[in-house]
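# Coordinates in review
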Amino acid sequence: MTARPGYGGPQRLLVLSADMGGGHESTAAALEEAAAGVWPGVEIQRLDTLDLMGPGVGRLFRRIYVGNVEHTPWLYEFFYAQLWRHAWFARASKRFTGSWCGRRLVDAIDRFDPDVIVSTYPLGSSGLAWLHQHRGLERPTGAYVSDIAPHPFWIHRPLGVNFVVHEAALSLARACDPHARLDVCALPVRSDFRPGPRSAARRSLGLDPDALVVLVSCGAYAFGDVARTVRALLDASDRVQVVAACGRNDETRARLTALPMPEQRLRTIGWTEEMPALVRAADLVLSNAGGAIALEAIASGRPLVMFRPIAAHGEANADLLVVSGLAELCTDEDQLTAYVQAAVRDRGGLREVGERAIEVSRRRTTADSLRQVARSSPAWAGRRRWPVRASDAFFVHADLPMRIQEVGAILELEPEAGSRITLEDAQRTVGPRVHGLPILRRRLLGKGRLGWDLSGTADVDAHITAMEAHRGMDAALDDFWSETLPPDGFPWEVRILQSPAEGRSVFAVKTHHVLGDGISLLGLLDRLLDPAADDPLHERHPAPASRGSGRELSAVRNGVRQGRLVTEGLASLSARSVGRWAHIDSPQTTRRLIATAPVEEARIRALVAATGCRAHEVVIAVVAHALSHVLTGVGLVDGTLPLRAMVPVARRAPRIDRVFGNWTAAVTVDLPLGPMRFGQRLHEVSTQLRQRAGRGEPQAAYVAMQLLGHLPGGVRTVAARTIYTSRFFSTIVSYMPAGRGDRWFAGAKVSSVCPVVPLAEGVPVTAGAVLYSGVIGFGIVLDDALRASGLDRAATSRAVLRAVQEAELEVLG
């Protein structure tokens with residue numbers, strides 16, 4: 001099997017849209033399709049801007065919009081006119097919505113960490129503009145106007161580029177903001193909206209091959225008196241067949257269906273995925289709003305008629321379409337009847353309009369505009385730093401000279417026979433991806449208030465190194481994790497280590513915990529590796545969000561449930577903080593010993609199947625069994641008290657779609673020590689894990705972390721250095737599933753991944769395990785001072801393997 005080659009283009013694209021009609025989502029779908037073609041392998045996430053702005057906001061805004069257009073068009077027209085008439089009003093409105101949306105976008109951007117952001121919805125664009133000005137956002141951004149006519153809410157000066165869809169729209173866009181960066185893009189429609197033979201489309205849809213087929217589409221909400229429009233079309237000639245696309249307006253569809261017309265004259269449809277074929281099948285497309293259907297008709301080379309356009313932006317779209325020669329305007333039934341009758345007599349005029357539309361649609365490509373966005377930089381960026389999230393800043397405050405919070409991973413590589421990985425190989429593999437992964441371009445600024453500088457790029461030579469392991473691979477790994485990160489503020493480093501004598505090649509990665517937890521590190525790591533050519537990479541994509549009319553109600557119910565769990569969890573954490581557990585007394589040094597032990601996943605799975613426990617419970621019990629052997633064996637603990645472990649817990653189904661940030665919570669589990677059968681140890685571990693999770697400890701721990709972020713800086717430091725110590729736990733044990741398929745680095749296959757979990761104040765031992773491509777890699781971190789007590793790296797590795805063997809003998813026989 002071959003690896004899919006990596007590339008240096010954008011890795012992650014964030015698309016801001018909104019469920020407000022269908023046009024914004026249609027434009028978003030077109031951009032996503034084009035991005036997948038121009039940047040192979042790019043990960044794309046689409047966010048609904050209105051949902052992001054708060055529970056119920058989307059439903060409220062949709063009600064206001066529909067109500068204004070249908071019942072109080074004068075009010076809608078008044079607001080639209082004020083945006084044009086009073087520049088201060090437009091600026092104030094954009095500033096308000098920008099602040100509202102922008103603040104909500106911070107976490108979303110941190111969660112996905114995109115390197116390019118595009119918006120198809122005005123409020124999303126205003127949020128990005130606000131972030132450029134007030135939070136130092138330096139990512140390339142672009143706004144796509146999904147109507148033919150822009151208005152002041154669409155155009156934003158701070159963005160890298162604002163796209164309109166026709167040269168005639170540029171003057172309007174300049175009137176919105178003379179200083180904004182403007183350009184013309186291709187019609188942002190999906191590629192299946194293209195010219196094609198009517199006959200084939202009509203056959204597939206069962207439409208009359210000889211009739212004048214008129215597609216009536218008045219948007220997702222079917223605004224206006226659609227029934228009156230349809231009757232006028234049908235009365236114009238008995239050679240007309242009308243297809244009425246009613247979108248989500250079931251009432252309008254029912255009213256049309258009740259008309260005494262056979263399907264050969266009138267076909268009504270609701271929301272459909274067959275719009276590309278319907279547009280191609282039509283001789284004429286009629287709309288009253290413009291929006292997506294207008295752009296789709298032009299892209300398909302079909303004549304467009306605007307009839308009785310709706311207030312405000314509908315009238316503006318109609319005017320600009322007519323001026324551009326891309327549509328005809330009929331203001332009443334008499335004009336519409338005359339136009340249709342003329343088309344029935346001679347369709348030559350329709351063909352000329354269609355050819356003109358095709359010419360417009362072929363001038364540019366959507367891929368070109370996306371490349372332009374990726375090359376852009378903010379036109380107006382403020383000097384404020386991008387905020388460091390509370391759960392990320394915690395680990396900066398928890399840093400102590402002997403306990404720097406650095407997480408990492410050790411990847412065992414299998415180069416092809418007779419080959420070796422050079423520094424040039426590593427830099428050629430990682431270097432281009434540094435530019436496509438913004439997490440690797442974040443520079444931490446620590447003077448005064450913590451913040452991120454998102455404008456720089458790390459020096460590849462300083463952060464990607466290679467060394468020969470002359471004293472052995474284990475010693476080289478110890479050295480790597482005992483060194484400090486480069487001092488330039490970019491908190492990451494990778495190193496290739498070669499030990500020809502042992503036949504080992506290792507790719508070692510470490511980052512400061514401020515960049516992310518173990519799950520985020522695995523997500524980042526996966527982007528530095530090459531997957532198999534046929535790997536669908538399902539684990540890189542977030543679980544699909546629930547949609548539907550009950551979303552807001554479900555959110556409220558979930559909020560109530562989460563509040564109850566947080567309350568119970570805080571009570572549980574408080575009660576457990578006064579318990580007794582074993583402490584590992586040892587001096588502290590800056591030097592680390594790294595013990596690794598890869599175990600085939602099948603062995604752990606067999607234990608899972610035989611015991612009925614979960615994989616993470618078996619893994620943590622294996623760690624407990626191993627630590628009991630080594631710690632009691634050298635007298636560091638006597639086995640009478642348990643070892644209190646902090647166990648990171650994912651707050652959702654674990655996936656590696658995130659590459660940045662600390663998103664996990666934690667529970668505390670008392671690992672039993674001393675002589676004990678593995679089955680009994682597993683039972684105690686699994687019982688505690690389930691009880692702690694059921695009592696809401698993960699939710700409470702996460703909320704407590706967020707609350708700490710609101711304390712003054714000095715208080716936060718004291719709190720972090722008080723909490724993240726042996727006062728509350730004596731070790732850390734984690735388990736993380738990662739990529740399921742094979743991965744390669746610089747052509748060498750990855751055989752195992754072992755995590756490196758940082759030590760804490762008074763905590764000289766930590767452990768972790770990662771499932772990667774059929775192997776569970778165990779990693780144990782020891783303070784070098786423990787060697788004085790007789791504990792060493794080799795004994796620790798052997799203890800893990802011995803624990804698995806003892807579990808198999810006892811459980812499997």
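Rules behind the numbers
Residues numbered from 1 in each chain as written. Predicted model: local features only at pLDDT ≥ 70, side-chain atom pairs only at ≥ 80, totals over all residues. Heavy atoms only, no water. Helix = DSSP H or I, 4+ residues; strand = E, 2+ residues; numbered from the N terminus. Rg over C-alpha atoms; globule rule 2.2 N^0.38 Å. Contact = heavy atoms within 4.5 Å. Areas by Shrake-Rupley, 256 points an atom, 1.4 Å probe, with all protein chains shown as cover. Lys, Arg positive; Asp, Glu negative; His and termini not counted. Charge placed at Lys NZ, Arg CZ, Asp CG, Glu CD. Phe/Tyr/Trp six-rings, centres within 6.5 Å; stacked < 30°, edge-to-face > 60°. Buried < 20%, exposed > 50% of the residue type's maximum accessible area, 1.4 Å probe, protein only. Expected span 1.5 Å × (residues − 1). Pairing = 2+ DSSP bridges. Salt bridge = Lys/Arg side-chain N within 4 Å of Asp/Glu carboxyl O. Axes fitted to C-alpha atoms, helices over the stretch in contact; angles between N-to-C directions. pLDDT = per-residue confidence, 0-100.

Our next topic: the overall build of the protein. The number of helices and strands found in the protein is 28 helices and 28 strands. The C-alpha atoms of the protein give a radius of gyration of 31 Å, which matches the 28 Å a tight globule of 813 residues would have. Its C-alpha atoms give the protein principal-axis dimensions of roughly 100 × 60 × 55 Å. Taking contacts inside the protein between residues at least 6 apart in sequence as the whole, the part at least 24 apart equals 76%. Accessible area for the protein stands at about 32100 Å²; split by element, carbon and sulfur atoms hold 54% of it. The protein carries 94 positive and 86 negative side-chain charges, and their two centres are separated by 4 Å.

Under the definition given, this model contains 12 aromatic pairs. Considering the side-chain rings of Y144 and F163, the 4.8 Å spacing of their centres and the 35° angle between planes classify their relative orientation as tilted. Taken together, the residues span a long stretch of sequence, with Y144 in strand β4 (residues 141-144) and F163 in strand β5 (residues 161-164) at a distance of 19 residues. With a centroid separation of 5.6 Å and an interplanar angle of 90°, the aromatic rings of F395 and Y724 are classed as edge-to-face. With F395 in helix α17 (residues 390-397) and Y724 in the loop between α27 (713-723) and β24 (731-737), the pair connects residues that are 329 residues apart, well separated along the chain. Overall, the relative accessible area of 8% leaves Y724 in the buried class.

If you check helix α1 (residues 23-38), its first and last C-alpha atoms are 23 Å apart, about what 16 residues at 1.5 Å a residue would give, namely 22 Å. Those residues of α1 that fall on the buried side of the exposure criterion are G23, H24, T27, A28, A29, A30, L31, E32, A34, A35 and V38.

Let's shift gears to the sheet that holds strand β13 (residues 386-387). Read from one edge of the open sheet, three strands run β13-β16-β15, paired in antiparallel fashion. Each having just a single partner strand, β13 and β15 (443-445) make up the two edges of the open sheet. When β15 meets strand β16 (residues 451-453), the two strands line up antiparallel, connected through three bridges. Within β16, the position partnered with L445 by the bridge is G451.

On to the environment of P178. Among the secondary structure elements, P178 is positioned in the loop between α7 (170-176) and β6 (182-184). Note: C-alpha distance between P178 and R495 (317 residues apart in sequence) is 49 Å.

Under the criterion given, the structure shown has 47 salt bridges. The partner of E697 in a salt bridge is R692, and the shortest N-O contact between them spans 4.0 Å. In this structure E697 comes out as buried when scored by relative accessible area, which is 0%. Take R692: its relative accessible area is 7%, and that puts it in the buried class. Each of the salt bridges in this network shares a partner with another, and the network as a whole consists of D110, D113, R139 and R442.

Read from one edge of the open sheet, six strands run β9-β8-β7-β10-β11-β12, paired in parallel fashion. One side of each edge strand has no neighbouring strand; the edge strands of this open sheet are β9 (266-269) and β12 (328-330). Averaged over all pairs of adjacent strands, the angle between strand axes in this sheet comes to 20°, irrespective of strand direction. Sheet topology note: the strand β11 (residues 304-307)/β12 ladder contains three bridges and is parallel. Note on β12: the bridge partner recorded for M306 is L329. With respect to the sheet, helix α14 (residues 333-345) is in contact with β7 (212-217), β8 (240-245), β10 (284-287), β11 and β12, its orientation differing from that of β12 by roughly 135°.

Where burial is concerned, most of helix α9 (residues 226-236) is hidden: eight out of the 11 residues are buried. Inspection of α9 places V226, A227, T229, V230, A232, L233, L234 and A236 among the buried residues, and these make up the whole buried set.

This next bit is on the pairing of β4. Side chains T141 and A143 project from β4 onto one buried face, and the interleaved G142 and Y144 project onto a second face that is buried too. Relative to β5, β4 runs parallel, the two being bridged by three bridges. The residue bridging G142 from the neighbouring strand is V161, located in β5.

We now examine the confidence of the model for the protein. Of all residues in the protein, 95% attain a pLDDT of 70 or more, and the chain-wide mean is 88. Least confident of the elements in the protein is helix α22 (residues 551-576), whose mean pLDDT is 71; most confident is strand β28 (residues 775-783), at 97.

What follows concerns the pairing of β11. Side chains of β11 alternate between two faces, with L304 and M306 and V305 and F307 buried alike. Here β10 runs beside β11; their pairing, made up of three bridges, is parallel. Note on β11: the bridge partner recorded for S287 is M306.

Before going further, it helps to examine unusual backbone geometry. Glycine aside, negative phi is the norm for most residues, and most peptide bonds take the trans geometry. For D113, which is not glycine, the phi dihedral falls at a positive 50°. Relative to the helices and strands, D113 is located in the loop between α5 (87-112) and β3 (116-119). What makes D113 buried here is its relative accessible area of 0%. A positive phi is found at R308, a non-glycine position, where the angle reads about 45°. Tracing the backbone shows R308 in the loop between β11 and α13 (313-323). Overall, R308 belongs to the partly exposed group, its relative accessible area being 36%.

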